Amino acid sequence: MKKPFKFAALAGLLGMLALAGHAVAEEVSGPLADTSRVVSIGGSITEIIFALGEQSRLVGRDTTSVYPKEAFALPDVGYMRALSPEGVLSINPTAIIAVEGSGPEQAIDLLKKASVPFVFVPENYSATSVSEKIRIVGKALGVEDKANKLAEKVDADLAAVQAETKDIKTRKRVLFVLSVQGGKIMAAGTQTAANGIIKLAGAENAVGGFTGYKALSDESILIANPDVILVMNRGDNHATAETELLANKAVAATPAGANKAIIRMDGQYLLGFGPRTASAVHDLSKSFYGDKAIQ
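Residues numbered from 1 in each chain as written. Predicted model: local features only at pLDDT ≥ 70, side-chain atom pairs only at ≥ 80, totals over all residues. Heavy atoms only, no water.

**Observations concerning the environment of Val228**
Alright, step 1. For Val228, the location among the structural elements is in strand β9 (residues 228-233).
Alright, step 2. Looking at Val228, the relative accessible area reads 5%, which means it is buried.
Alright, step 3. Along the primary structure Val228 and Asn259 are separated by 31 residues, whereas in three dimensions their C-alpha atoms are 8.8 Å apart.
Alright, step 4. With residues near it in sequence (within four places) discarded, Val228 still touches Lys172, Arg173, Val174, Leu175, Ala256, Ala261, Ile263 and Phe288. (Helix = DSSP H or I, 4+ residues; strand = E, 2+ residues; numbered from the N terminus. Buried < 20%, exposed > 50% of the residue type's maximum accessible area, 1.4 Å probe, protein only. Contact = heavy atoms within 4.5 Å.)

Written as structure tokens, this is what we have:
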């Protein structure tokens, strides 16, 4: 088996290519010239490609691409925010389709210098973002008709599941906990996938005063006063345990803690914003409000 290139050696090679006048790839906003060997970065991108029936084009995927199970047969090029250029280049891709936020920037620059065309797919965690991603991926792969049909179905399904909670008067206050580190609760604010899915499921993010993820003080948790705590299963040994959450005195003092109202869902299913999002929203709404609200 060939040993992978060392990063320094690869960087040196790319430097020589640049000095020799080797072309630098540009970001592509339309169809890719060659889709015979595509690397998919981002779990939702991989799901979309499989949902379009275009998985035969894939030669690699990132660590977050865990669905469908057939994706595991593809080489893993690393975590989407910590990509290894040598790992990507070792499988000779003709193009990369990556969700917004993939990186780091230095890795992307090196891959561009190696003339690997990129399609970056925007992510905004809204009801329309899934269909937008589907259309962009479909256009990149040259299968716009298939993408339009899938996008229309996703839009219709999302509209239907959002309608399930339209008559709910008292919305659940939900605290999404990413992790518990040293007893500190790391929670999701706005501009996150967690915030987006909570809103789509007809509930309110209990902590909307900051963007991204932040460690909460005990006072902040008490002020948030969540009815429900939402956590994700990550498919590894780092899932947040209920005992850790309830051991936090501030959490235990909230309605969610007192009632042990902790909902756990698969991370990619819950936060992926891919073709399964409508199903995830339905399941989450049902967990929040029960069968009386969700028909």
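**Examining helix α5 (residues 129-141)**
Alright, step 1. When the terminal C-alpha atoms of α5 are compared, their 18 Å separation across 13 residues agrees well with the 18 Å that a helix rising 1.5 Å per residue should span.
Alright, step 2. Residues Ser129, Val130, Ser131, Lys133, Ile134, Val137, Gly138, Ala140 and Leu141 constitute the buried set of α5. (Expected span 1.5 Å × (residues − 1).)

**Section: the confidence of the model for the protein chain**
Alright, step 1. Chain-level statistics for the protein chain give a pLDDT mean of 89 and a share of 87% at 70 or above.
Alright, step 2. Below pLDDT 50 for its whole length, residues 1-7 participates in 6 contacts with residues either more than four positions away or in separate chains. (pLDDT = per-residue confidence, 0-100.)

**Here we look at the packing of aromatic side chains**
Alright, step 1. Throughout the structure, instances matching the rule amount to 3 aromatic pairs.
Alright, step 2. A ring pair is formed by Tyr125 and Phe273, whose centres lie 5.5 Å apart and whose planes are at 65°; its orientation type is edge-to-face. Taken together, the residues span a long stretch of sequence, with Tyr125 in the loop between β4 (118-121) and α5 and Phe273 in the loop between α12 (267-271) and α13 (277-293) at a distance of 148 residues.
Alright, step 3. By relative accessible area, which is 1% here, Phe273 ends up buried. (Phe/Tyr/Trp six-rings, centres within 6.5 Å; stacked < 30°, edge-to-face > 60°.)

**Remarks on the nonpolar core**
Alright, step 1. Grouped together as the largest cluster of nonpolar side chains are 69 residues, with contacts concentrated most on Ile96, Ile97, Val137, Phe176, Leu284 and Phe288.
Alright, step 2. The residues contacting Phe288, other than those within four sequence positions of it, are Lys172, Val174, Ala201, Ala203, Val228 and Ile263.
Alright, step 3. Counting residues in hydrophobic clusters, the runner-up holds 18 residues, among them Leu175, Ile221, Ala224 and Ile229. (Core = buried A, V, L, I, M, F, W, Y, C linked by side-chain atoms within 4.5 Å.)

**Re the packing of α5 against helix α6 (residues 144-163)**
Alright, step 1. Between α5 and α6, whose axes approach to 8 Å, the crossing angle comes to 170°. In terms of their interaxial angle, α5 and α6 are classed as roughly antiparallel. Of the residues in α6, those touching α5 at Val130, Ser131, Ile134, Arg135, Gly138 and Lys139 are Glu144, Ala147, Asn148, Leu150, Ala151, Glu152, Val154 and Asp155.
Alright, step 2. Broken down by class, the residue content of the contact of α5 with α6 amounts to 6 nonpolar, 3 polar and 5 charged. (Axes fitted to C-alpha atoms, helices over the stretch in contact; angles between N-to-C directions. Parallel < 35°, antiparallel > 145°, perpendicular 65-115°, else oblique. Nonpolar A, V, L, I, M, F, W, Y, C, P; charged D, E, K, R; others polar.)

**Re the pairing of strand β6 (residues 184-188)**
Alright, step 1. For β6, the buried fraction is high: 4 of the 5 residues fall into the buried class.
Alright, step 2. When strand β5 (residues 173-181) meets β6, the two strands line up antiparallel, connected through 4 bridges. Directly across from Gln181, in β6, lies its bridge partner Lys184.
Alright, step 3. As paired elements, β6 and strand β8 (residues 213-216) share 4 bridges and run antiparallel to each other. What sits directly across from Ile185, in β8, is Leu216. (Pairing = 2+ DSSP bridges.)

**Topic: the sheet that holds β4**
Alright, step 1. Taken together, 4 strands build an open sheet; the order of strands is β2-β1-β3-β4 and the sheet is parallel. If you trace the sheet from one side to the other, it starts and ends with β2 (58-61) and β4, each paired once. Strand after strand, the sheet turns through a mean of 20° between neighbouring axes, direction not considered.
Alright, step 2. Sheet topology note: the strand β1 (residues 38-41)/β2 ladder contains 3 bridges and is parallel. Among the inter-strand pairings, Val39 is bridged to a residue of β2, identified as Gly60.
Alright, step 3. Its contacts with the sheet place helix α2 (residues 43-51) against β1, β2, β3 (95-99) and β4, and it is angled at close to 120° to β3.

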